[in-house]
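Residue-level listing of the chains:
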Amino acid sequence: MSLEPLDPDTIDTAQAASEAVPAESERLDADNMLKSDYVRRVRDALEAGDDGAVYALVEPLHPADIADLLEQVEADERSALTRAISDLMGSEVFAELNDHVREALVDELSAEDIAEIAEEMETDDAVALLEDLEPEEQQAVLAEMEPEERAAIESALAYPEETAGRLMSRDFIAVNEQLTVGELIHYLRDNKDLATEFWEVFIVDAHYRPVGTCQLSWILRTDRHIALSDVMKRDQTLIPVTMDQEEVALRFQKYALISAAVVDESGRLVGQITVDDVVHIIQEEASEDILRLSGAGDGDINEPILMTVRTRLSWLVVNLGTAILASSVVSLFQDAIARFALLAVLMPIVSGMGGNAGTQTLAVVVRAIATNQLTSSNTIRMVLRELRIAMANGLSLGLLIGTSTALLFHNPHLGAVIGAAMIINNLVAGLAGILVPITLDRANVDPAVSSAVFVTTATDVMGFFSFLGLAVATGLV
């Protein structure tokens, strides 16, 4: 793949085809997604080898929509599409691409082309572009970049993944606290190399430590002779450069931030994080936790099939082991089941309902941990709350299934056994659903990754054991 400009003949062909370009209402649906008919037209033009028609169809799209288009066409069509719209494949498109799609496209580019794209990006986007490259490829790209951009990216890559250091942008405005508002305005107007998009100006001391911030609205509405130290906001949320990106997102959410200063170990200002970056983090972290609970890996439809199979299969093998453990409990009561086959019909109800109840509690607790709602100060209250909920649900379900079983099979004894087992297993589900993720979190293990296996095992084992054990202990069989 090459990012060379299109030939004049291709551009002329595209201009000639412009009359056939669908209006925006024909390209995007009510949810602002590309319509299937529009995608089909692009694919038909690709199949016909009509680069001019492809260009005419794609040229009106926003970079984010071009990224969506690249993700929706087949993998073997992407190279042809990028060649047809090469001069539209700017840094904005690469910044919006799905990680797997971007990685595949970048593999086809030369180091010089990748460097050119990276230099046009914000530092955090450029880091995302380069961080998945092999070390030798990464160094080749960095060698092609201008020294200033290269130094900024190398500095970001030195920080651990998913930290503020990787996420932050180094394009920000910082001035000395001794300036007046008028001097700041002149500084902003006279220096053309400053950041072009910003919401606030950071005020720093002589050691380049942030001491306050000034929003642009304050600057524009304040008299020129007023000193920045008199108008700036001294209370600010500082982000340590090593802070995990999930914690960064929580800070932005809690304090309703638009941007925030990032500081190094000595407290010096080294970058800023803006809310547009945090929106991506919130989306990524929320999706990641949901998918980890199910063991589905990244859950990305563009992820290579073999990678997806490996991820899912590993968890399915673990679940197979827990299923064997649960079946071993059933085997302890095989004589009882042989004498009263109805037990085999009803026991999946107890374990299944317990599993559902445990999953509900687990989802609530994992979210509470992720959003810092569950802390050491309210853990006991949370445990007692979930136990009360589990008891209420267990009593309701136990009464319902017990009464139904007794009436359906004309066996009050059986109804009492399954009702009691339902209550017991719901209590176990509630207890496991909260204690397992809390314990894993205290042990610095991501509760979203491992909790589901333990909770499901607990509810299956206890569901079978309580139902079959009560049946034997009470003389039902």
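Residues numbered from 1 in each chain as written. Predicted model: local features only at pLDDT ≥ 70, side-chain atom pairs only at ≥ 80, totals over all residues. Heavy atoms only, no water.

A. Geometry of helix α10 (residues 123–130). When you tally the buried positions in α10, you get six out of eight residues, the bulk of the element. For α10, every residue scored as buried is listed here: T123, D124, A126, V127, L129 and L130. (Buried < 20%, exposed > 50% of the residue type's maximum accessible area, 1.4 Å probe, protein only. Helix = DSSP H or I, 4+ residues; strand = E, 2+ residues; numbered from the N terminus.)

B. Just the pairing of strand β2 (residues 200–204), in detail. Most of β2 sits out of view: five of its five residues are buried. What you see with β2 is no split at all: E200, F202 and V204 on one side and V201 and I203 on the other are buried throughout. Counted between consecutive antiparallel strands, the loop separating β2 from strand β3 (residues 210–215) contains five residues, among which Y208 sits at a positive phi close to 65 degrees. (Pairing = 2+ DSSP bridges.)

C. Up close: the pattern of salt bridges. The final tally for this structure, using the stated rule, is eight salt bridges. A salt bridge links R40 to D44, with the nearest nitrogen and oxygen atoms 3.1 Å apart. One end of the pair is R40 and the other is D44, both in helix α3 (residues 36–47) and four residues apart, which spans about a single turn. Overall, the relative accessible area of 42% leaves R40 in the partly exposed class. R385 is the salt-bridge partner of E386, the closest N and O atoms lying 3.0 Å from each other. (Salt bridge = Lys/Arg side-chain N within 4 Å of Asp/Glu carboxyl O.)

D. Layout of helix α17 (residues 245–255). Of all the residues in α17, the buried ones are Q245, V248, A249, L250 and F252. For α17, the N-terminal cap is D244; the gap from its side-chain oxygen to the backbone nitrogen of E246 is 2.8 Å. Note on α17: the residue one or two positions beyond its end, A256, has a positive phi of about 55 degrees. (Polar contact = N/O pair within 3.5 Å; in protein donor to acceptor, adjacent residues only side chain to side chain.)

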